[in-house]
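# A closer look at the structure
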Amino acid sequence: MDSFPNLLAINQPLNGWTSILHNGFAKLHEPGQFLSQILHTDFIQIIGQENSDYYYFLYFSKGSLIREIEVDSMQLIVFTDIGEKFSFEKNPILTDDFEDESNFFDVDTLELYCKEFLIDIPALYKPSDFILLKK
C-alpha cells in the first residue's frame, strides 16, 4: 500500500487538468501539497482497488488540504474523513444498509467526485500522447 511510484505516464491536459498515471499506492501528501502550492493550483489523487474495495480521495488547493477520504467499503471502515464535505457528497460516506445501492464509497463514487471537478476518468485511458518517466 505504501509503495511509491517508479513509473509515471503524463498525458496532455484535458479540461484544464494534467493527469499522471502511476504504478504505486502511496498517498501522495507531500508531492500533492508541494505541486499544489508551488504551481498555485489544485491537486487530486484517487486510488481505487476494486478487488479489496479500498478507495482513496485526496484534494489539495494552493497548498492547503481540502478533503481526504480513505475507506474499506468491504469492511465498512472509514479510515480517514478529513475536511468539509462537498455539497455533492452523500452523508454518511458508508452505511451498513446493503439494500441501499448508494451506501458504498466505490469506483463509481470516485468517478462522480472527479466529474464534479471536470475530470473524466474514462477519457484518461483513451489513446493519447503520453510522456513516460521511469525511475
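Everything in this summary refers to the structure shown in the same document. These figures come from a predicted structure and were not determined experimentally.

Conventions used here
Residues numbered from 1 in each chain as written. Predicted model: local features only at pLDDT ≥ 70, side-chain atom pairs only at ≥ 80, totals over all residues. Heavy atoms only, no water. Phe/Tyr/Trp six-rings, centres within 6.5 Å; stacked < 30°, edge-to-face > 60°. Buried < 20%, exposed > 50% of the residue type's maximum accessible area, 1.4 Å probe, protein only. Helix = DSSP H or I, 4+ residues; strand = E, 2+ residues; numbered from the N terminus. Arc of directions from axis to C-beta. Contact = heavy atoms within 4.5 Å. Pairing = 2+ DSSP bridges. Axes fitted to C-alpha atoms, helices over the stretch in contact; angles between N-to-C directions.

## Quick look at the packing of aromatic side chains
Enumeration over the complete set of coordinates arrives at eleven aromatic pairs. Between the aromatic rings of F86 and F88, the centroid separation amounts to 5.0 Å while the plane-to-plane angle is 10°, which identifies the pairing as stacked. Judged by its relative accessible area of 21%, F88 falls in the partly exposed class. Ring geometry for F86 against Y113: centres 6.2 Å apart, planes inclined by 85°, an arrangement best described as edge-to-face.

## Looking at helix α2 (residues 107–116)
The set of residues buried in α2 consists of T109, L110, Y113 and C114. All buried residues of α2 project into a common sector of 135° when viewed along the axis, lining one side. Its buried side turned inward, α2 meets β3 (42–49), β4 (54–61), β5 (64–72) and α3 (121–124). Where α2 ends, the next residue or the one after it, L118, has phi of about 65°, a positive value.

## Structural notes on the sheet that holds β4
The sheet built from four strands is open, its strands ordered β3-β4-β5-β6 with antiparallel pairing. Unpaired on one side and paired on the other, β3 and β6 (77–82) mark the two borders of the sheet. Direction aside, neighbouring strands of the sheet carry axes that sit 5° apart on average. Relative to β5, β4 runs antiparallel, the two sharing eight bridges. Across the sheet, the residue bridging to Y56 is E70, located in β5. On top of the sheet, helix α1 (residues 29–38) reaches β3, β4 and β5; it is set at about 30° to β4, its chief contact.

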